[in-house]
Amino acid sequence: MRLIIGIVVVLMSVFGGYMAMGGHIEVLWQPFEAVIILGAAIGAFCIANPPAVLKAVGSIFGSLFKGPRYDKDAFLELLGLQYTLFKLAKSKGNLALEAHVENPSESAIFGQFPKFTSDHHAVEFMCDYLRMITLGTENAHELEALMDEELETHHQERERIVASIQALADGTPALGIVAAVLGVIKTMGAIDQPPEILGHLIGGALVGTFLGVFVAYGFFGPMAQSLRNTYEAESKYFLSMKAGLLAHMAGYAPAVSIEFARKALMSDVRPSFTEVEQATASLQAAG
């Protein structure tokens, strides 16, 4: 909804304002200018980006429309999962986690948290580091460095997608100039025509500059920033897991470990201490 509202506001502000000051909207209909600019932008996009980024184009629009995939309920569920796992490890030892992390799809613990288990990357991240703990990893600093390296790699993969959209925003104004220059060349070929025809041709050429700047700053630039914000918000899901796991390795009680995990979350989606306490109490009662 936020994306649709933004698009409507941009279009109404630009074209509505143009018409309100007496502009003729039909003059802006220059389809071949759009073909030059957008076609060249798509071609440049394909040249500049690796196959992994090109394959991710479909997911870009899903992220733009839906926003961050993790809401407050998802974070509350994550904290509940960590609490359950850490409580089991505290009471029966870390080796008790082995059966659950080796086959999470059949684990009774993971089965209680469907939002978490539906996220393959999150399940893999959690199970990989719990497995290392069950295998005897005791150096928290080394494990933290490994987590940081994995999270940084994941961040770089997503940043490539953001950078590809930002490159479109940076390049389309120049492509608009290309379209405008081509329009001027066409106009110069009709220099012997009457002023009304020349005026129409010059106006059509200038539409290229307008269109390039318009799509760059009205759409591509905001899209890149929106994706960046979405990916940064989603990264907190994994940083919360990291904080909880390291606190568990440090020997803290489960309730304290998930408090470390809770504090890693952004304030707008962070459950309160009371909400977490109530959620973990119900899990304890259910167990």
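Everything discussed here concerns the structure shown above.
The following paragraphs examine the structure supplied in this document. (Residues numbered from 1 in each chain as written. Predicted model: local features only at pLDDT ≥ 70, side-chain atom pairs only at ≥ 80, totals over all residues. Heavy atoms only, no water.)

## Comments concerning the overall build of the protein
Phase 1: When helices and strands are counted, the protein shows 12 helices and 0 strands.
Phase 2: When its helices and strands are written in sequence order, the protein yields α-α-α-α-α-α-α-α-α-α-α-α.
Phase 3: Scaling as 2.2 N^0.38, a compact globule of 287 residues should have a C-alpha radius of gyration of about 19 Å, whereas the protein reaches 27 Å, well beyond that.
Phase 4: Each principal axis of the C-alpha distribution contributes one length, and for the protein these read about 90 × 35 × 30 Å.
Phase 5: Residue burial in the protein is summarised as follows: out of 287 residues, 39% are buried.
Phase 6: Long-range contacts, defined here as pairs at least 24 residues apart, represent 77% of the contacts in the protein between residues at least 6 apart.
Phase 7: Separation of charge centres in the protein, based on 19 positive and 29 negative side chains, amounts to 5 Å. (Helix = DSSP H or I, 4+ residues; strand = E, 2+ residues; numbered from the N terminus. Rg over C-alpha atoms; globule rule 2.2 N^0.38 Å. Buried < 20%, exposed > 50% of the residue type's maximum accessible area, 1.4 Å probe, protein only. Contact = heavy atoms within 4.5 Å. Lys, Arg positive; Asp, Glu negative; His and termini not counted. Charge placed at Lys NZ, Arg CZ, Asp CG, Glu CD.)

## Side note on the nonpolar core
Phase 1: Leu 85, Phe 116, Met 126, Tyr 237 and Met 241 are the most contacted members of the largest nonpolar core, which totals 39 residues.
Phase 2: No other element matches helix H5 (residues 72-92), which puts 10 residues into this core.
Phase 3: The contacts of Tyr 237, once residues within four sequence positions are left out, are Tyr 70, Ala 74, Phe 75, Leu 78, Phe 116 and Ala 122.
Phase 4: With 23 residues, the next largest nonpolar core counts Leu 168, Phe 220, Met 223 and Ala 224 among its residues. (Core = buried A, V, L, I, M, F, W, Y, C linked by side-chain atoms within 4.5 Å.)

## Focus: the packing of helix H10 (residues 195-249) against helix H11 (residues 254-263)
To characterise two packed helices, one gives the angle between the axes of the helices and the distance between these axes.
Phase 1: Where H10 meets H11, the closest approach of the two axes is 7 Å, and the angle between their N-to-C directions is 155 degrees. Taken together, the axes of H10 and H11 are roughly antiparallel relative to one another. Here the hand of the crossing between H10 and H11 comes out right-handed. Two secondary-structure elements touch here, H10 through Ser 240, Ala 243, Gly 244, Ala 247 and His 248 and H11 through Ser 257, Phe 260, Ala 261 and Arg 262. (Axes fitted to C-alpha atoms, helices over the stretch in contact; angles between N-to-C directions. Parallel < 35°, antiparallel > 145°, perpendicular 65-115°, else oblique. Left-handed = near helix turned anticlockwise from the far one by under 90°.)

## What to know about helix H1 (residues 2-20)
Phase 1: Relative to the 27 Å expected for 19 residues at 1.5 Å per residue, H1 spans 26 Å between its end C-alpha atoms, a close match to the ideal helical length.
Phase 2: Gly 22 lies just past H1 and shows a positive phi near 100 degrees. (Expected span 1.5 Å × (residues − 1).)

## Notes on the packing of aromatic side chains
Phase 1: What the rule picks out here adds up to 13 aromatic pairs.
Phase 2: Plain terms: the ring middles of Phe 15 and Phe 210 are 6.2 Å apart, the flat faces sit at 85 degrees to each other, and that makes the pair edge-to-face. Of this pair, Phe 15 sits in helix H1 while Phe 210 sits in helix H10, and the two are 195 residues apart along the sequence.
Phase 3: On the basis of an interplanar angle of 55 degrees and a centroid distance of 6.2 Å, the ring pair of Tyr 70 and Phe 75 is categorised as tilted. The pair Tyr 70 / Phe 75 is uniform in exposure class, with both members buried.
Phase 4: Pairwise contacts between aromatic rings join Tyr 70, Phe 75, Phe 110, Phe 116, Phe 125, Tyr 129, Tyr 237 and Phe 238 into one cluster. (Phe/Tyr/Trp six-rings, centres within 6.5 Å; stacked < 30°, edge-to-face > 60°.)

## A closer look at the packing of helix H8 (residues 120-134) against helix H9 (residues 140-188)
Phase 1: Viewed as axis vectors pointing N to C, H8 and H9 meet at an angle of 160 degrees, and their least axial separation amounts to 12 Å. Between H8 and H9, the angle falls in the class roughly antiparallel. Between H8 and H9 the crossing geometry is right-handed. Residues His 121, Phe 125, Tyr 129, Met 132 and Ile 133 of H8 form the contact with H9, whose participating residues are Leu 143, Leu 146, Met 147, Glu 150, Leu 151 and His 154.
Phase 2: Split into classes, the residues belonging to the contact of H8 with H9 amount to 8 nonpolar, 2 polar and 1 charged. (Nonpolar A, V, L, I, M, F, W, Y, C, P; charged D, E, K, R; others polar.)

## Observations regarding a nonpolar patch on the surface
Phase 1: A cluster of nonpolar side chains, contributed by Met 1, Ile 4, Ile 5, Val 8, Val 9, Met 12, Phe 61 and Phe 65, occupies part of the molecular surface with about 820 Å² of accessible area.
Phase 2: Within the residue set of the nonpolar patch, elements represented by two or more residues are H1 and helix H4 (57-66).
Phase 3: When residues in the nonpolar patch are grouped by element, the largest group, 5 residues, is from H1.
Phase 4: Locating Met 12 in the fold gives a position in helix H1. (Patch = residues over 30% accessible without salt bridge, like charges linked within 9 Å, V, L, I, M, F, W, Y side chains within 5 Å. Areas by Shrake-Rupley, 256 points an atom, 1.4 Å probe, with all protein chains shown as cover. Salt bridge = Lys/Arg side-chain N within 4 Å of Asp/Glu carboxyl O.)

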